[in-house]
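Chain and residue survey
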Amino acid sequence: MAITWRGTELRLLLPLVVLVPMGFALAHIVAAGKPDPGPLGLALAYVALVLGAHIALVLLGHRGDQLLFPLAATTGGVGLVMLNRLPQTLAGMNLFGVEVGMATTQLVWFAISLVAMVAIAVFFRDDGILRHYKYTWALAGAGLLVITFLFGTEINGARLWLSIGPVTFQPGEAIKIVLVVFIAGYLAEKRALLAGANRRIGPIKIPPLPYLLPMLAIFAIVMVMVVISKDLGIALLFYGIFLTMLFVATGRRSYVLIGLVLFVAGSYVAYLLFPHVHVRVDNWLDPFADPTGTGYQTVQALYAFGRGGLFGEGLGQGLPLISGHIPIPAIETDFIFTAIAEELGLVGAFALLALAAALVARGLRIAILARDDFSSLMAIGLTTSLGLQTLIIVAGNAKLIPLTGITFPFVSYGGSSLLASFVVLGLLLSISHRTAADEGTTG
Amino acid sequence: MTTEDTLRILILALQLAFVGLLYLLLFAFGRSLLRDLRSAERTREAARQGIGRLTVLESPEDEPPVGRAIALGPINSIGRNVNSTVYVEDDFASAAHAMLTFRGRSWFVEDQGSTNGTYVNGHRIDRPVALSYGDELMIGRVRMRLER
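Bear in mind that the values here come from a model prediction, so they are computed numbers and not experimental data. (Residues numbered from 1 in each chain as written. Chains lettered and ligands numbered in written order. Predicted model: local features only at pLDDT ≥ 70, side-chain atom pairs only at ≥ 80, totals over all residues. Heavy atoms only, no water.)

**Comments concerning the overall build of chain A**
Scanning chain A from N- to C-terminus turns up 16 helices and seven strands. In chain A, which comprises 443 residues, the share counted as buried stands at 53%. Of all intrachain contacts in chain A linking residues separated by at least 6 positions in sequence, the fraction that spans at least 24 positions is 72%. Split by element, the accessible area of chain A, about 17800 Å² in all, is 72% carbon and sulfur. (Helix = DSSP H or I, 4+ residues; strand = E, 2+ residues; numbered from the N terminus. Buried < 20%, exposed > 50% of the residue type's maximum accessible area, 1.4 Å probe, protein only. Contact = heavy atoms within 4.5 Å. Areas by Shrake-Rupley, 256 points an atom, 1.4 Å probe, with all protein chains shown as cover.)

Quick look at the structure:
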């Protein structure tokens, strides 16, 4: 593998050398009340990791897209600055009896995730293992869901965590990727059939259902399991990915229409049947009806957005404490966007969203330029997963849609989320690499 | 000016610098994105005259008839299945024989696991291959040429 110079990528990564340590220093100066930048070890370690990953890609001759990784690294850097600013005791791990703080734990996960990303981007050449064993993957994913449902631990009302020894992780993140792989494989194979013949019921063209059934069956199993484990955010995400990939593969708007109708119907049924959905929706419609109980999180988040305003309270200067801690629960995971919006304002929040949008744009570009249907569809699915996930959690924070237990990719605290996001990035990079290698260019 | 004032100024300066640098980076991303979009736009203009058609050169069963120019869309299925975009009535063609797709800047043909294989300019293909205008495609005993 010849060494490939990735100039654009380096150019876009270098500002992080200043940005991240500056963020750390700023938070410390505010907290300490004197011009003392404080310990910058974590910030410098992050920068070193990011540059190290870049160097690895260069040395290993990677020719994929050069904007994807800088976008993720910048988003992650801002996230790390925020996580470092928050009280370190909010989360963390216990490593051989030593309590490790939140930001440090996140950095460790960054290291693991970056290694995974580079490995997948460079060494994942033959996607045959994905496309030829798609039913195996699908069943493995469904199986994982069943295990989580039966043996998982319930946190915050949703059973989506599995504990193996000292490690707790979210299988939902892995299943998300498996789902994309399965749907991509299935649609690539059956694409012509699904886009072609119709039967008619009166004036309406009905798509050929027998060809859809295997996919619908597996998808239904996934959805049922997810809904039972009370993880509505992931259910919405899966459904969105599924519908997007279906539309892209077949080009038929009728599928999307039917899908949306089913969604509205299903949501209404869920609202009537499941008490936790009922609570979430009522809380979304009027959180001030119960501001200290079920509406507490939403109300506090709204106050935070209000305090932030256009330019924010300033890093380290917002998020007033109530009886010693921050009144917004899950601020390091589900509500990290709220924290950023309060301290960096609309300006900062918009920057983060612009980064996410750029990431989606690059992902779609990779999908368009991909060599074969499977890679193209997989790129669509992976890009949708990142974009839709960001959209769902930001909209939930801002009370545009009901709140769900989903994380902000690259920003939220959490190893599973970070690892999954970087695996997605690695897969996108490997698809982009294969396109560029065939064309003799660098993405 | 007290030390508190200098501290406040320092903090304010840092806050501005932080967000400012973030936005500079955003603009750099934006420039790269736009640059790629513009180059893609240029190639799309060139291809706008119509992306291509298949001219039938040989067809023992006369379906499609020799000499016909089959208009192509962005995605085309080729095979013995009557619902295919390019319907080929030949005993040596499979129901779903191949896919001819226009992607990015060029045509790609991908064999769909057919029994007798798909041939490009006489060579059997085993993975998706880029086609140029003028290349000949062999599905069963039907030979077609990709033209503009």
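**Topic: the packing of helix α11 (residues 253-273) of chain A against helix α12 (residues 275-285) of chain A**
Residues and elements named next belong to chain A. The geometry of α11 relative to α12 is characterised by a closest axis approach of 5 Å and an angle of 105° between their N-to-C directions. Here α12 runs roughly perpendicular to α11, going by the angle between their axes. Listed contacts from α12 to Ala270, Tyr271 and Leu273 of α11 are Pro275, Val277, His278, Val281 and Asp282. Tallied by class, the residues present in the contact of α11 with α12 amount to six nonpolar, one polar and one charged. (Axes fitted to C-alpha atoms, helices over the stretch in contact; angles between N-to-C directions. Parallel < 35°, antiparallel > 145°, perpendicular 65-115°, else oblique. Nonpolar A, V, L, I, M, F, W, Y, C, P; charged D, E, K, R; others polar.)

**A few points about the nonpolar core**
The biggest cluster of nonpolar side chains holds 132 residues, and the ones touching the most others in it are Phe69(A), Met245(A), Met378(A), Phe422(A) and Leu425(A). A per-element tally of this core places helix α14 (residues 336-369) of chain A first, with 15 residues. Core analysis: the next-biggest nonpolar cluster, separate from the first, contains 22 residues, Val86(B), Leu100(B), Trp107(B) and Leu131(B) among them. (Core = buried A, V, L, I, M, F, W, Y, C linked by side-chain atoms within 4.5 Å.)

**Some remarks on the sheet that holds strand β10 (residues 136-139) of chain B**
Strand pairs in the sheet, formed through backbone hydrogen bonds, run parallel or antiparallel to each other. Residue and element names in this part refer to chain B. With antiparallel pairing, the six strands of this open sheet are ordered in space as β2-β1-β11-β10-β7-β8. Two strands bound the open sheet, and with one partner strand each, they are β2 (69-71) and β8 (123-124). Inspection of the sheet shows β10 paired to strand β11 (residues 142-147) by four bridges, in the antiparallel sense. Following the sheet pairing, Ile139 is matched in β11 by Val142. (Pairing = 2+ DSSP bridges.)

**Here's the deal with the environment of Gly141(A)**
All names here are of chain A. Within the element layout of this structure, Gly141 appears in helix α7 (residues 134-151). Using a relative accessible area of 6% as the deciding quantity, one classes Gly141 as buried. For the pair Gly141 and Ala174, spaced 33 residues apart in sequence, the C-alpha separation works out to 7.9 Å. Ignoring anything within four residues of it in the chain, the contact list for Gly141 reads Ile175 and Val178.

**Looking at the sheet that holds strand β4 (residues 86-87) of chain B**
Reading across the sheet, the five strands line up as β4-β3-β5-β6-β9 (chain B) and stay open at both edges, with mixed pairing between neighbours. Across the chains shown, the open sheet's two edge strands, defined by having one partner strand only, are β4 and β9 (129-131) of chain B.

**Considering the interface of chain B and chain A**
Counting residues at the interface gives 33 residues for chain B and 50 residues for chain A. Counting the surface lost from both chain B and chain A, the interface buries some 3500 Å², and carbon and sulfur atoms represent 71% of this. In this assembly, chain B and chain A are joined by one salt bridge. The residue Arg362(A) makes a salt bridge to Asp36(B) at a minimum N-O spacing of 2.7 Å. At the boundary of chain B with chain A, the tally comes to four residue pairs in polar contact (both at pLDDT 80 or more). Elements with a minimum of two residues in the side of chain B that touches chain A: α1 (3-47), β3 (75-79), β5 (98-103) and β6 (106-111) of chain B. Looking at the side of chain B that touches chain A, the element that brings in the most residues is α1(B), giving 19 residues. (Buried area = accessible area lost by both parts, 1.4 Å probe. Salt bridge = Lys/Arg side-chain N within 4 Å of Asp/Glu carboxyl O. Polar contact = N/O pair within 3.5 Å; in protein donor to acceptor, adjacent residues only side chain to side chain.)

**Considerations on a nonpolar patch on the surface**
All names here are of chain A. On the surface, a nonpolar cluster with roughly 400 Å² of combined accessible area is contributed by Val146, Ile147, Leu150 and Phe151. Looking at the element boundaries, Phe151 is found in helix α7. On the basis of relative accessible area, Phe151 is assigned to the exposed category, the value being 64%. (Patch = residues over 30% accessible without salt bridge, like charges linked within 9 Å, V, L, I, M, F, W, Y side chains within 5 Å.)

**A few points about α12(A)**
Those residues of α12(A) that fall on the buried side of the exposure criterion are Val277(A), Val281(A) and Asn283(A). For α12(A), the angular spread of buried residues about the axis comes to 160°, placing them on one side. (Arc of directions from axis to C-beta.)

**Overview of the pattern of salt bridges**
Residues and elements named next belong to chain B. Tallied over the entire structure, the rule returns 15 salt bridges over all chains. The salt bridge partner of Glu147 is Arg53, with a shortest N-O separation of 3.1 Å. Of this pair, Glu147 sits in strand β11 while Arg53 sits in strand β1 (residues 53-58); the two residues are 94 residues apart in sequence, bridging distant segments of the chain. On the accessibility criterion, Arg53 (35% relative accessible area) is partly exposed.

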